[in-house]
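# Fold and contact review
Residue strings, one per chain:
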Amino acid sequence: GSPEEQYAQAFGLLRTGDYAAAAQGLAQFLNANPTHELAGNATYWLGETYYVRKDFAKAGKYFLDGYQKYPESRKGADNLLKLGMTLAALDQKNEACQALNEIKKTYPKAPEKVVERAASERQRLRCK
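A brief look at the structure comes next. Just so it is clear, the structure is predicted and the values come from calculations on it, not from any experiment.

Within the protein chain one finds 7 helices and 0 strands. Ordered by position in the sequence, the α and β elements of the protein chain form the string α-α-α-α-α-α-α. In the protein chain, the share of contacts with a sequence separation of at least 24, taken over all contacts with a separation of at least 6, comes to 52%. Accessible surface, the protein chain as shown: approximately 7,300 Å² in total, 49% of it carbon and sulfur. Here the protein chain holds 19 positive side-chain charges and 15 negative ones, and the gap between their average locations is 6 Å.

Between the first and last C-alpha of helix 5 (residues 76-89) there are 20 Å, a value that for 14 residues agrees with the 20 Å anticipated at 1.5 Å per step. Burial of helix 5 is extensive: 13 of the 14 residues sit out of reach of the surface. Backbone geometry just after helix 5 places D91 at a positive phi near 60°.

Attention now goes to the side chain of T86. Within the secondary structure, T86 is located in helix 5. T86 gets classed as buried once you look at its relative accessible area, which sits at 0%. Setting aside anything within four residues of it in sequence, one finds T86 in contact with Y51, F56, A59, G60 and F63.

Quick look at the packing of aromatic side chains now. Per the stated rule, a full pass over the model turns up 8 aromatic pairs. On the basis of an interplanar angle of 10° and a centroid distance of 6.0 Å, the ring pair of Y7 and F11 is categorised as stacked. Highlighted residues: Y7 and F11, both in helix 1 (residues 3-15), separated by 4 residues, approximately one helical turn. Judged by its relative accessible area of 10%, Y7 is buried. Both rings, one in Y51 and one in F63, keep their centres 6.3 Å apart while their planes meet at 65°; by these two values the pair is edge-to-face. A residue pair is termed long-range when its members are at least 10 positions apart, and Y51 in helix 3 (residues 39-51) and F63 in helix 4 (residues 56-69) qualify at 12 residues.

Turning to the packing of helix 5 against helix 6 (residues 93-106), a few remarks are in order. The interhelical angle for the contact between helix 5 and helix 6, taken along N-to-C directions, is 160°, at an axis separation of 7 Å. Considering the angle they form, helix 5 stands roughly antiparallel to helix 6. For the crossing formed where helix 5 meets helix 6, the hand is left-handed. Along the contact surface, helix 5 presents A77, L80, L81, L83, G84, L87 and A88, while helix 6 presents E95, A96, A99, L100, E102 and I103. By residue class, the composition of the contact of helix 5 with helix 6 is 10 nonpolar, 1 polar and 2 charged.

Inspection of the secondary structure assignment puts S2 in the segment before helix 1. S2 sits in the partly exposed class, given a relative accessible area of 27%. In sequence terms S2 and F29 are 27 residues apart; their C-alpha atoms lie 10.0 Å from each other.

Our next topic: the pattern of salt bridges. Applying the stated criterion across every chain, the model contains 6 salt bridges. One salt bridge in this structure joins K105 and E102, with 4.0 Å as the shortest N-O distance. Of this pair, K105 and E102 both sit in helix 6, 3 residues apart, which is roughly one turn of the helix. Taking relative accessible area as the criterion, K105 reaches 62% and is therefore assigned exposed.

Reading the values: rules and limits
- Residues numbered from 1 in each chain as written.
- Predicted model: local features only at pLDDT ≥ 70, side-chain atom pairs only at ≥ 80, totals over all residues.
- Heavy atoms only, no water.
- Helix = DSSP H or I, 4+ residues; strand = E, 2+ residues; numbered from the N terminus.
- Contact = heavy atoms within 4.5 Å.
- Areas by Shrake-Rupley, 256 points an atom, 1.4 Å probe, with all protein chains shown as cover.
- Lys, Arg positive; Asp, Glu negative; His and termini not counted.
- Charge placed at Lys NZ, Arg CZ, Asp CG, Glu CD.
- Expected span 1.5 Å × (residues − 1).
- Buried < 20%, exposed > 50% of the residue type's maximum accessible area, 1.4 Å probe, protein only.
- Phe/Tyr/Trp six-rings, centres within 6.5 Å; stacked < 30°, edge-to-face > 60°.
- Axes fitted to C-alpha atoms, helices over the stretch in contact; angles between N-to-C directions.
- Parallel < 35°, antiparallel > 145°, perpendicular 65-115°, else oblique.
- Left-handed = near helix turned anticlockwise from the far one by under 90°.
- Nonpolar A, V, L, I, M, F, W, Y, C, P; charged D, E, K, R; others polar.
- Salt bridge = Lys/Arg side-chain N within 4 Å of Asp/Glu carboxyl O.

What follows is the structure, encoded as structure tokens:
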């Protein structure tokens, strides 16, 4: 199918909770369409498939990739938030705080829910 159909199919698997199949579909989408406008979203959701399964090392890799490769993506701020949360889960508090503190600087127009969650995570981690 088209790239949009590939993405929709993989995202549908994610929504049903079939995270392994969703990860496979999203990875295939990214391999075939690395410059597509949905690639940033796909990278974020690929990270999310690993995050929910508590594979924080892989999740962190995709959230960092999403932030670095697709900074203008609609999921740019979300990638940075989840990168911070993932680093915290990996007991890398200083790096987690750096990522969380970067959100407002890099994404001054980030969605309010992302800003609020980052603030609560910074507070929980006692970031400076």
